[in-house]
Amino acid sequence: IVQKNSEHEDDEQPQQQQQQLRLLPDAQQELERRRKQESTFTTPLKRSPSMKPFFRAFYSTIYTKEKKEFYRQEREKYPEIDAHYRKLCGRAVSFEDFWQRYEYRCDLDRIQQELSVLPQTEKSHETSSSKNESNGDGVIPNGGDEIPIISG
């Protein structure tokens, strides 16, 4: 049995769900943009203590049969990823760096979280091409790699 902390808890859940539904198209658009950007794969992730769980999980599964199948499917499903992989992997970036950056930056849940913490005025600019061209790296200004993940 779940006990409610306040009378307003019922009102908060639908509002949070509505906000998530509004973010989904923006997050999907941002995900598609990141898949196309070479910098998603070439720009190193900024290492910080908050990212340790991600790195631990990534390195514990990168060479598993399931993960290799996932990478194969992603390349098959998204031609732009395959093109980046063929161009960059083993030349400009290692196999590990390529997939680490992809998994971190192209995680739809993480992108939704990033968009949900941005003020509303920034959200509209983040997905616009003029903003992305002006910062030049094709990645959310803080690198899309140090957004705190709020568990809940």
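Worth saying up front: this structure is predicted, and the values here are computed from it rather than measured. (Residues numbered from 1 in each chain as written. Predicted model: local features only at pLDDT ≥ 70, side-chain atom pairs only at ≥ 80, totals over all residues. Heavy atoms only, no water.)

Chemist: Could you clarify how one ought to interpret the environment of Asp107 in this entry?
Modeler: Inspection of the secondary structure assignment puts Asp107 in the loop between helix 6 (95-105) and helix 7 (108-117). In sequence terms Asp107 and Gln28 are 79 residues apart; their C-alpha atoms lie 9.9 Å from each other. From its side chain, Asp107 meets the backbone nitrogen of Arg110 in a polar contact 2.7 Å long. (Helix = DSSP H or I, 4+ residues; strand = E, 2+ residues; numbered from the N terminus. Polar contact = N/O pair within 3.5 Å; in protein donor to acceptor, adjacent residues only side chain to side chain.)

Chemist: How do you make sense of the layout of surface pockets when you look at a structure like this?
Modeler: Over the atoms, a rolling probe the size of a water molecule traces out where space has been left empty. Empty space within the second largest pocket amounts to approximately 200 Å³. In terms of lining residues, the second largest pocket is bounded by 14 residues, among which Phe70, Tyr102, Glu103, Cys106 and Asp107 are the most central. Mapped onto the lining of the second largest pocket, the elements with two or more residues apiece are helix 1 (9-36), helix 3 (52-61), helix 4 (65-77), helix 6 and helix 7. Among the residues making up the lining of the second largest pocket, the classes are represented as eight nonpolar, no polar and six charged. (1 Å grid on protein atoms, 1.4 Å probe; cavity = no way out; pocket = protein on both sides within 12 Å on 5 of 7 lines; lining within 4 Å. Points joined across faces, edges and corners; volume = space filled by probe spheres on them. Nonpolar A, V, L, I, M, F, W, Y, C, P; charged D, E, K, R; others polar.)

Chemist: I would appreciate a short explanation of helix 6 in the present structure.
Modeler: Along an α-helix, residues three or four apart share an orientation, since each turn contains 3.6 residues. Across the 11 residues of helix 6, eight count as buried, placing the element largely inside the fold. Those residues of helix 6 not exposed but buried are Phe98, Trp99, Gln100, Arg101, Tyr102, Glu103, Tyr104 and Arg105. (Buried < 20%, exposed > 50% of the residue type's maximum accessible area, 1.4 Å probe, protein only.)

Chemist: Is there a simple way to explain the environment of Lys36 in this structure?
Modeler: Among the secondary structure elements, Lys36 is positioned in helix 1. Judged by relative accessible area, which is 54%, Lys36 ranks as exposed. Taking the C-alpha atoms as reference points, Lys36 and Glu80, separated by 44 residues in sequence, lie 5.8 Å from one another. Contact partners of Lys36, with chain neighbours within four places excluded, come to Glu80 and His84. (Contact = heavy atoms within 4.5 Å.)

Chemist: Is there a simple way to explain the pattern of salt bridges in this structure?
Modeler: Side-chain pairing between opposite charges can occur once the charged atoms of the two side chains come close. Summed over the entire model, instances satisfying the criterion amount to 10 salt bridges. Between Glu30 and Arg34 there is a salt bridge, with the nearest N and O atoms lying 2.8 Å from each other. With Glu30 and Arg34 both in helix 1 and four residues apart, the pair spans about one turn of that helix. Residue Glu30 shares its accessibility class with Arg34, and that shared class is buried. Two residues, Arg101 and Asp97, come together in a salt bridge whose shortest N-O distance is 3.7 Å. In this pair, Arg101 and Asp97 are both assigned in helix 6, four residues apart and thus about one turn of the helix distant. Via salt bridges that share partners, Glu30, Arg33, Arg34 and Glu114 belong to a single interconnected network. (Salt bridge = Lys/Arg side-chain N within 4 Å of Asp/Glu carboxyl O.)

Chemist: I keep staring at helix 7 and nothing clicks. Help me out?
Modeler: Every buried residue of helix 7 is listed here: Arg110, Ile111, Gln112, Gln113, Glu114 and Leu115. The N-cap residue of helix 7 is Asp107: its side-chain oxygen and the backbone nitrogen of Asp109 are 3.2 Å apart.

Chemist: How do you make sense of the packing of helix 3 against helix 6 when you look at a structure like this?
Modeler: In a packed pair of helices, the relevant descriptors are the angle between the two axes and the axis-to-axis distance. At their nearest, the axes of helix 3 and helix 6 sit 11 Å apart, and the two run at 130° to each other. The angle between helix 3 and helix 6 places the two elements in the oblique class. Handedness of the helix 3/helix 6 crossing: right-handed. Along its contact with helix 3, which presents Phe54, Phe55, Phe58 and Tyr59, the element helix 6 presents Glu96, Trp99, Gln100, Glu103 and Tyr104. Here the residues of the contact of helix 3 with helix 6 sort into six nonpolar, one polar and two charged. (Axes fitted to C-alpha atoms, helices over the stretch in contact; angles between N-to-C directions. Parallel < 35°, antiparallel > 145°, perpendicular 65-115°, else oblique. Left-handed = near helix turned anticlockwise from the far one by under 90°.)

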